[in-house]
Amino acid sequence: MKTFPSSAIRNVALVGHGGSGKTSLAEALLYEAGAINRLGRVEDGTTVCDYDPEEHKRQISVSLSLAAVEYQGHKLNILDAPGYADFVGDAAAALAAADLALFVVSAVDGVEVQTEVLWRMAAARGLPRAIFVNKLDRERASFRKVLSQLKEKFGAGVAPRQLPIGEESALRGVVDLLADQAYFYENGASTEGEIPDELADEEHAVHDALVEGIVVADDDLMERYLGDEPISTDELTHTLANGVASAEVFPVLCGSATQLVGIDRLARFVLDVAPPPPSHDGGPSAVVFKTLADPYVGRINYFKVLHGTVKTDAHLVNRRTGSDERFHQIFTLRGKEHDSVSEVPAGDIAAVAKLADVSTGDVLGEEADAPAIEMPEPVLPTAVAPASKADEDKLANALHRVQEEDPVLRVERNPETHQTVMWGTGETHLQIAIEKLRHLGVEVVEEPVRVPYRETIQVKAEAEGKYKKQTGGRGQFGVAFVRLEPMERGAGFEFVDAIVGGVIPRQFIPAVEKGIVETMETSGTLGFPVVDVRATVYDGKHHPVDSSEMSFKMAGSLGFKEAEAAAQPVLLEPVSELLITVPEEYQGDVIGDLNAKRGRIQGSEPVGSGEVEIKAQAPTAEILRYAIDLRSLTGGRGRFTMSHSHYDPVPSHVADRIIEDHRTHADTTSDH
Ligand SMILES: Nc1nc2c(ncn2[C@@H]2O[C@H](COP(=O)(O)OP(=O)(O)OP(=O)(O)O)[C@@H](O)[C@H]2O)c(=O)[nH]1
Ligand SMILES: [Mg+2]
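We now turn to the structure provided with this report. (Residues numbered from 1 in each chain as written. Chains lettered and ligands numbered in written order. Predicted model: local features only at pLDDT ≥ 70, side-chain atom pairs only at ≥ 80, totals over all residues. Heavy atoms only, no water.)

### Regarding the site of ligand 1
What counts, and what does not: We define proximity as follows: a residue is near a molecule or strand when any one of its heavy atoms falls within 4 Å of that partner. Surface exposure here means Shrake-Rupley accessible area, sampled with a 1.4 Å probe, where a residue is shielded only by the protein chains that are shown. Secondary structure elements follow DSSP: runs of H or I no shorter than four residues count as helices, runs of E no shorter than two count as strands, and numbering proceeds from the N terminus. When residues are sorted by character, Ala, Val, Leu, Ile, Met, Phe, Trp, Tyr, Cys and Pro go into the nonpolar class, Asp, Glu, Lys and Arg into the charged class, and all the rest, Gly among them, into the polar class.
By nearness alone, 19 residues border ligand 1, and Lys-22, Thr-23, Ser-24, Glu-43 and Ser-61 come closest of all. Within the complex, 89% of the 640 Å² of free accessible area of ligand 1 lies under protein. By residue number, the principal contributor to the shell around ligand 1 is helix α1 (residues 22–32), which donates three residues. Within the shell around ligand 1, the residues separate by chemical class into three nonpolar, eleven polar and five charged.

Structure, rendered in structure tokens:
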């Protein structure tokens, strides 16, 4: 593809609730531009943007796609973002790279949760926005209903730029309110025509409202409008574009992606009204907004040029790592199709393969202001175990590769529970990560996430640890008296050597400590690692021939076990800190639910736009599935972060069950 100046580039993100028709609309735009000669369908897995096998299987988009296309002397970079909540990170990346967010809203379902979530994200960055009301051909489609909903949710800036001609199966075309022109569609072909009589009155009213809405932004136009002087469509379009660029006016267009109604008008609107990217000279710099793994090329980074021109073979310094990255292969993308380019000017978007160490959000080249990419927190854990010995060997490597292209997925090995835990944004995200492992030839099984319980003691206790063995020849003999005292929470472990007079020879004291530490780390009386104790060895006995390191290690271990059993051991559980943001109306339900989960509310305060932030602590065991609970409690409107806070004693009625479960588990597995 040839190089276009910034003024001829349009970077448009298609965003909106899952299933509103973004991928279908991208397909329709590509068809309209002549980039494809057959209109693919999501249901058939034949669209340009949903090319991943997971997308075919699930018939939803799971990853951001770029489709670059030439259209009427312009370059259109279409960023097709997934709508499903789990993949909101990719929608955030699209918003960071785009100069216009085109919200695709279903004419049947109207404004849905993710529409609102994404609108808030776009508004937070002051991004210009427009709306395409799609699926007008479907049964129960209603443009008027959706329009009033849009106005109610997103304010007076929402301005219809078109009206549909007919709806549901009677959808025939759209009226352009600025040009006072009707467009009719049949089998994808469009013809201009007169505005149908039945629409004339409504058209006049909405036209006047639209023109008034536009001219208020321009004193000169306002004067001419009030003086009844003619104002050309071009002048109105130009002023409208200014209103869009300053994110004050949000034009609403409409049609049907699959029936190709209004698509040419939408494309024209994007060229005329969507803001071009800012053009900055200077040394080249670019921001990476998405990384993915291509089965043939390996790792690919999508980038947007911020300053200057990025050329093939450019060496740009990664500002985060300080290392030099070579842009060996630069190409633009249309779904999975690559098209090599030799240079990418400021404002344009392209992809590069095989950079060494680059991740989402990195700026390469000269210092430059880059848009921050708001990544979601992975808040849902699942434990995975290799299905076989062969899988075990490959698992770490495969996990690393999956993580590389998915900055949201977190993987950790828990040394206490011996589990590999993957953290994702939701069930679907995790399932797809598991599928990706499978594609890399690694089979895993999911297990419930185990909570790393611990135990500690409540009182001081002492015991004699005596190890004695006489089996023919040389025996084993060692005695260590161990005293245990509770320490404050989080203190860990302290060893005190209080031996006097050589009752235990110097060289064997470390063996006593080692025996205690190993026992503590493996299992105390209740079956869990023991923490927050001070162990003092204060007396002992030895034998000149039979004593050895081994016998004192055993003595330390035995003394510890007996003393711990006498020191009233209690179970400790991890407690998490939660920061939950929900619309105000859900506050009561969320707090009630947290109380039922043994949570403690620490405060709540309004954070603007009708939302409250609730700070709470809850036992980790109770909130392992909180991502799912909060989603169903708030219809997907809530979000939260969670982090480990501290360990607390478990109430005894709860503790008994956990200890019992742990015993049966330990009996039936051999892993530790
Ligand atoms: N009748 C009708 N169906 C449509 C239209 N646009 C999309 N669809 C259908 O709606 C379903 C979802 O369309 P997609 O294009 O996958 O929607 P999406 O917004 O990309 O979905 P996600 O990426 O998963 O959020 C598919 O079955 C499409 O064929 C339309 O204008 N009319
Ligand atoms: Mg899609």
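### A closer look at the sheet that holds strand β27 (residues 461–469)
Threshold: Only strands that DSSP links by at least two bridges are regarded as paired with each other. Fitting a line to C-alpha atoms yields each axis, with helices limited to the stretch in contact; the angle taken between N-to-C directions then spans 0 to 180 degrees. Contacts between residues were defined by any pair of non-hydrogen atoms, one from each residue, lying within 4.5 Å.
Overall, mixed pairing links the four strands, which are arranged β27-β28-β30-β29 in an open sheet. At either margin of the open sheet sits one strand with a lone partner, and together these are β27 and β29 (493–497). Averaged over neighbouring strand pairs, the angle between their axes works out to 25 degrees when direction is ignored. The pairing of β27 with strand β28 (residues 476–486) spans nine bridges and is antiparallel. When the bridges of β28 are listed, Lys-468 appears paired with Phe-477. Helix α12 (residues 509–522) rests against β28, β29 and β30 (533–541) of the sheet, and its axis sits at about 155 degrees to β29.

### Let's talk about the coordination of the magnesium ion (ligand 2)
Note the threshold: Excluding water, the donors of a metal are its N, O and S neighbours within 2.8 Å, or within 3.2 Å for Na, K and Ca, and that exclusion means sites may look incomplete. Buried means the residue's accessible area, taken with a 1.4 Å probe over protein chains only, is under 20% of the maximum for its type, while exposed means over 50%, and partly exposed covers the values in between.
Every protein donor of the magnesium ion (ligand 2) is listed here as Thr-23 (OG1) and Ser-61 (OG), and their distances to the metal cover 2.0 Å. Of this pair, Thr-23 sits in helix α1 while Ser-61 is found in the loop between α2 (53–58) and β2 (65–71), placing the two residues 38 residues apart along the sequence. One exposure class covers both Thr-23 and Ser-61, and it is buried.

Remember, this is a structural readout, not a statement about activity or role.
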